[in-house]
Structures are given as structure tokens and as C-alpha cells.
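Structural overview for review
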Amino acid sequence: MTSTTSLPERVRVLVVGAGFAGLGAAIKLDEAGQADFLVLDKGTSVGGTWRDNTYPGAACDVPSQLYSFSFAPNPNWSRSFSPQPEIHAYLQDVARSSGVLDRFRFGVTVEDAAWDETDQVWTVTTSAGTVTADVVISGSGGLSEPKNPEIKGIDGFTGEIFHTARWDHDVDLAGKRVAIIGTGASAIQVIPEIAKTVGHLDVYQRTAPWVMPRHDRAYTRVEKLGFRFLPGLQKLYRTAIYWGRETYVPGFVKAPAILTPAKTMALANIKKGISDPELQRKVTPDFQIGCKRILISNTYYPALAQANVDVITDGIAEITPTGIVTSTGETRDIDVLIVATGFYTTDQPIAHHIKGRDGRTLGDVWAEHGMASYKGTTAAGFPNLFQIVGANTGLGHSSMVFMIESQIAYILDALAQMGARQLATVEPTPEAQKSWNEDMQRRMRSTVWSTGGCASWYLDEHGRNTTLWPRTTFAFRGLLRSFDIEKYVVTARSDAPVSKA
Ligand code: N01
């Protein structure tokens, strides 16, 4: 992979991030003949979250068939739910075969981006120098900045400590006393793997998650041959899974009673994996299923039932140099502390480094009214900035790749229209953005995410859901099918301001 850090002074389009979003954007820019673009990533290869999350047990909890670009099907999936190394390998293969890797610069951290109103360009400061760009496409990810818990004494812990998203493979857990904080999607994948080798594992659970059975299986030889030689077969699988999810999920979001059978299955999953009634009680959730992401695992509950694993539901009062003290005063010494405490979602650190037309950062703007955008992709006051996986584009039920491809198509159309109309800038009108966000929040009010009696990373500090998409993915695709320039303020290349198109 290219790893040089020499950057051009100026490019037409700068793409930040080399995950599904950045790679997909690069391929489509290339296909569209947009020759002058550059992709920057702080890591050493493509892959984004699928490069960074290397914890034991890391795997996709969305079916493999949905986890590829529509233009690059992957006949090599080994299972119905792909393990992380396979997804990372897939993205590397796609990057290599698409021939765009010479536009990527790895090991380059984007530090700041500021809109220059005089020259109508973005000035982007990076660890390898400054680049100016007419257009910035941010593909830095909605779940990419790990969030460490703010717990008294944590900085003074003298043992090994790391976040699941930054797994320290140099630490050998065999025989060690290990604690893990968190029981979300990452933790429930890690726990069964490490419970096999650690001496003792303390699982600090603040909220018990709903965990359904995982219908995972290895693909048969016949299926694999079919995927390779009958491309239609993979398309059929993919379409069936999409439609299955799309018809069911929007219903449960509004009418959680639809999930009663799922709740029954999740409760049976507890009973199947755990025989101790006290432990069963501890891990039984106390909120409406669907309010938080529904997790899937066949191995999580059996791992919790192992003799070398304890589930601790008392709050954490303090972390000492050698262990954890709970709110009841119990102290447990440990050698290694793993934090599985999630990511910055509604207050993304990168937003504080993107400065718009009036000198305020996206973070400043969001601090006032919460994360907001137009169509999850553009933002008033931030000309020529396109964010893939922006506000209200996340999914709990289906593939983000579908959403990402929808956004890429919208951005490519924006660039095409800018070219055809000789425009220097495009920026959504404040009215268009306001109306879009009001519609999002109106739709959110009656969803299980708002009414289900849980706190989750979907909601911001004001209780607004600014992360998830409340409709079908097909509706999203329809709305982003073409760049609706009438909702944008544009300026002509001559720099003469032009009123609304
Ligand atoms: O993070 P989370 P995650 N003290 O935020 C607890 C995606 N993903 O990394 O529930 C004690 O969900 C917190 O407790 P509570 C997926 O979209 C996908 O697991 O807030 N505990 C919770 O238990 C997912 O939703 C895959 O009460 C604290 C946990 O830490 C998203 O990433 C795999 C605490 C955080 O759970 C995030 O998942 C993995 C504190 N101070 C992840 N702070 C796929 O398979 C937090 N917690 C595709």
C-alpha cells in the first residue's frame, strides 16, 4: 500500500478516511472521471472501523451478504456473518483491484479544516502539511473515536488498560485477572473469546442488553461455488435479506409490540445459556427491546455462566492503581482493564476541527442545537463540505454500506452539477436544513428509541435522536437519488454571489 506522506498543495476533492465511505467515494470519483482527488487516512491501510477493531471475536452483526459494495460483490464470504479479518481483507481487495490506491496517503492525520471565504477553498491542516481543496468529503465514520469512561482514579491504574477499539495484542491475557467495563455490541463479542483463556473475568454491567440468538453458519461448498459462478445467486440472497429487514424494522420502530416474539426469543436465550436464577435475573434487561441496539450471540450467556466469570451490577465508585471499587465498597484486584465503553457519537471530536464560513466549528454549531445536517450529508454554513454517515444516517437493523452508497451517489451528482453549472460553491439553505431536521425529530418522537425507557448512544444530552435514520433505507436512497440544487445556496465560479438556484 502507498505510504508516502508527500502531499500536493492543492486538489479539487479531498476525501478524509479510507473506510467503506472513503474507499467507495474514491472509486466513484475515479469512475466519474474526477481525476484530481486525494484520500487521507491516519491508519496504515484501508478499512476504517474494520481495520481498527481487531478485538478477539470481532465480527459483523449484519449478514455478510449486505456487507459489500453493490458494485463489488464478495464471493469469498466464508460465513453468513463475517468475521472482522474477512471484512478488512475484502476492503483491501476492492481497493487493490479498483486501481485507486495511488490516490491514498496513509499515516496522515487530518488536524483541522477551515473554509477560506476569500479563495473559496478548504484549508486542511494535516500531520504531513497543508492541502487546499475545493471540496472536502468527510468519511471519518460515526463510530470511530473511542470513548473512555470518566471514572475516578482511572488514570492512576497501573496495570494494562485499553479500549476494545484499540486492542493491545501485546498483552497476553492468559491466566490474568481481567475486568471489562461495558456490555454493548463490542463487549458481548469479546467476552466469550477472552473468557476461554483468562484466569478470572469481572464483567461490569451498567445496563443489561437484549441479546438474541445469532443465526450464523458456515456457507456450504455448494453455496460458495454458487456465489463464485452464479452472481445472480448472491444478488438473490442479498435482496431477500434487504427486503426481510426493511419490511419488519420500520414497523417495530413505531410499534414495538411487533418485537414481542423477539423478546420471547431473547428471554429464552438467557435461559438456554444460564441456569443460575440469580444470574438470569441480573442479565435480564429492564427496558423495551429495540430501544438500544439488539445484540446477537449464542456464546455470550454461556460465557457469563462460566466459573471464572463474575457479572457485577453494582456501580463503579473508583478505580485504584490495582483494582476496582464498587458502590458497595467491594474491591477486586485486577491485572488488566478492558474498556468496552463505546464511541463519541453525538459529540464527535472531528466536528470541533471543521471551521465553517463564519469561523465557527461544526462542534460549536452542534453544541447549540444538537448534531444536524441536510440529508445527513451537507451543512448550512459549511460550503462544499460533504459528510458521509452524518447526522441521522445510522442504522441498527441493516447495512450502512447501502446508506454510504446512497450518499456517495448524491455527492457525485452534486459535483457533476457544480461542473455543469460552473459553480464554485454549494451549501444547503438554512431553511432546507431546518425543515429536514424538524422532520427527523418529529419522526423520532414516537419511536422505541425515544419511548423505550433506555439511555443509549443514539440520543444526545437533550434526549434527541440525531444518529439514526427513522425510515426505510429505500426511502433514504430515493431522497438522495439526485442532488436537489434548488435547496442550496450556490455561488458561481466567478465568485459573484448568485441567489438561490
Ligand atoms: O459501545 P456501546 P459498543 N461505566 O456504546 C457501558 C457498533 N458495533 O462499542 O448501556 C460503566 O454500545 C455502556 O453501559 P450503558 C454498533 O452500532 C457493531 O459496544 O450505557 N459502563 C454499554 O454497556 C454498536 O451499537 C458491531 O448503561 C459504561 C457499553 O459500555 C456500536 O458499535 C460490533 C460506562 C458501551 O456500549 C457501539 O458498540 C461492535 C461507564 N462510565 C460494535 N460508559 C458489529 O458487529 C459506557 N458504559 C457490526
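So, how was this worked out
- Residues numbered from 1 in each chain as written.
- Predicted model: local features only at pLDDT ≥ 70, side-chain atom pairs only at ≥ 80, totals over all residues.
- Helix = DSSP H or I, 4+ residues; strand = E, 2+ residues; numbered from the N terminus.
- Rg over C-alpha atoms; globule rule 2.2 N^0.38 Å.
- Buried ≥ 20, exposed ≤ 12 C-beta atoms within 10 Å, placed from the backbone.
- Pairing = 2+ DSSP bridges.
- Axes fitted to C-alpha atoms, helices over the stretch in contact; angles between N-to-C directions.
- Contact = placed C-beta atoms within 7 Å.
- Expected span 1.5 Å × (residues − 1).
- Domains from an automatic or database assignment.
- Parallel < 35°, antiparallel > 145°, perpendicular 65-115°, else oblique.
- Left-handed = near helix turned anticlockwise from the far one by under 90°.
- Core = buried A, V, L, I, M, F, W, Y, C linked by C-beta atoms within 7 Å.
- pLDDT = per-residue confidence, 0-100.

The next point concerns the overall build of the protein chain. The secondary structure content of the protein chain amounts to 14 helices and 20 strands. Since a compact globule built from 501 residues should have a radius of gyration of about 23 Å, the 23 Å found for the protein chain is in line with a globular shape. Overall, the C-alpha framework of the protein chain stretches about 75 × 55 × 45 Å when taken along its three principal axes. Counting over 501 residues, the protein chain shows a buried share of 45%.

Despite not being glycine, Q120 has its phi angle at roughly 55°, a positive value. Checked against the element boundaries, Q120 lands in the loop between strand 4 (110–116) and strand 5 (121–126).

On the basis of which strands lie adjacent, the open sheet formed by five strands has the order 7-16-8-9-12 and parallel pairing. Among the strands making up the open sheet, the edge pair consists of strand 7 (160–163) and strand 12 (309–312). Strand-to-strand twist in this sheet, taken as the mean axis angle between neighbours without regard to direction, amounts to 15°. Bridge analysis of strand 8 (residues 177–181) against strand 16 (residues 336–339) gives four bridges, and the strand direction is parallel. Following the sheet pairing, I180 is matched in strand 16 by I338.

Let's shift gears to the pairing of strand 19 (residues 423–428). Taken across its six residues, strand 19 has six buried, putting it largely inside the fold. Sheet analysis places strand 19 next to strand 20 (residues 488–492), joined by five bridges and oriented antiparallel. Directly across from E427, in strand 20, lies its bridge partner V489.

Given 3.6 residues per helical turn, the α-helix brings residues three or four places apart onto the same face. Here helix 4 (residues 185–194) lies mainly inside the structure; nine of its ten residues are buried. All of the buried residues in helix 4 are A185, S186, A187, I188, Q189, V190, I191, P192 and I194. Next to the buried residues of helix 4 lie strand 8, strand 9 (200–204), strand 10 (211–212), strand 11 (295–296) and helix 9 (300–304).

Another aspect to go through is the sheet that holds strand 15 (residues 331–333). Taking strand neighbours across the sheet as the criterion, the three strands line up as 13-14-15 in an open arrangement whose pairing is antiparallel. Bordering the open sheet on either side are strand 13 (316–319) and strand 15, each of which pairs with just one other strand. Strand-to-strand twist in this sheet, taken as the mean axis angle between neighbours without regard to direction, amounts to 20°. Two strands pair when backbone bridges link them, and strand 13 and strand 14 (residues 323–326) are joined in this way by three bridges, in the antiparallel orientation. Residue I316 lies in a different strand from strand 14, and its bridge partner there is T326.

Taking 1.5 Å per residue, 21 residues should reach 30 Å; helix 11 (residues 400–420) reaches 30 Å between its end C-alpha atoms and fits that length. For helix 11, the full list of buried residues reads M400, M403, I404, E405, S406, Q407, I408, Y410, I411, A414, L415 and M418. Considering only its buried residues, helix 11 is in contact with helix 1 (20–31), strand 6 (129–138), strand 18 (385–387), strand 19 and helix 14 (473–479). Following helix 11 by one or two positions, Q422 has its phi on the positive side, about 55°.

Further remarks concern the domain arrangement of the protein chain. Quoted interface sizes are often the accessible area lost when the parts come together. Entries for the protein chain in the domain assignment read domain 1 (10–145 + 344–492) and domain 2 (154–218 + 255–339). Placing a centre on the C-alpha atoms of domain 1 and another on those of domain 2 gives a separation of 31 Å. On the domain 2 side, the residues contacting the 20 residues of domain 1 number 23 residues.

Direction vectors running N to C along helix 1 and helix 11 enclose 40°, while the axes themselves pass 10 Å from each other. Taken together, the axes of helix 1 and helix 11 are oblique relative to one another. Every pair of crossing elements has a handedness; the one defined by helix 1 and helix 11 is right-handed. Along the contact surface, helix 1 presents F20, A21, G24, A25 and K28, while helix 11 presents M400, V401, I404, E405, I408, I411 and L412.

What follows covers the nonpolar core. Of all hydrophobic cores here, the largest spans 131 residues; its most connected members are L14, V15, A133, V136, V178, I180 and I191. Residue contributions to this core peak at nine residues, all from helix 11. In this structure, I180 is in contact with A187, V190, I191, L201, V203, Y204, I338 and A340, ignoring residues within four places of it in sequence.

This next bit is on the confidence of the model for the protein chain. In the predicted model, the protein chain carries a mean pLDDT of 94, and the fraction of residues at 70 or more is 98%. Both scores are given for the predicted complex: the pTM is 0.95, the ipTM 0.99.

Attention now moves to the environment of N76. Turning to its location among the elements, N76 is positioned in the loop between helix 2 (49–52) and helix 3 (84–98). A tally of 16 C-beta atoms within 10 Å means that N76 is categorised as partly exposed. As for N76 and F106, which are separated by 30 residues in sequence, their C-alpha atoms are 26 Å apart.

Following the sequence through the fold, V325 ends up in strand 14. We classify V325 as partly exposed; it has 17 C-beta atoms within 10 Å. When the C-alpha atoms of V325 and Q387 are compared, they prove to be 42 Å apart, with 62 residues separating the residues in sequence. Once residues within four sequence positions are removed from consideration, V325 is found in contact with A317, E318, T320 and T331.

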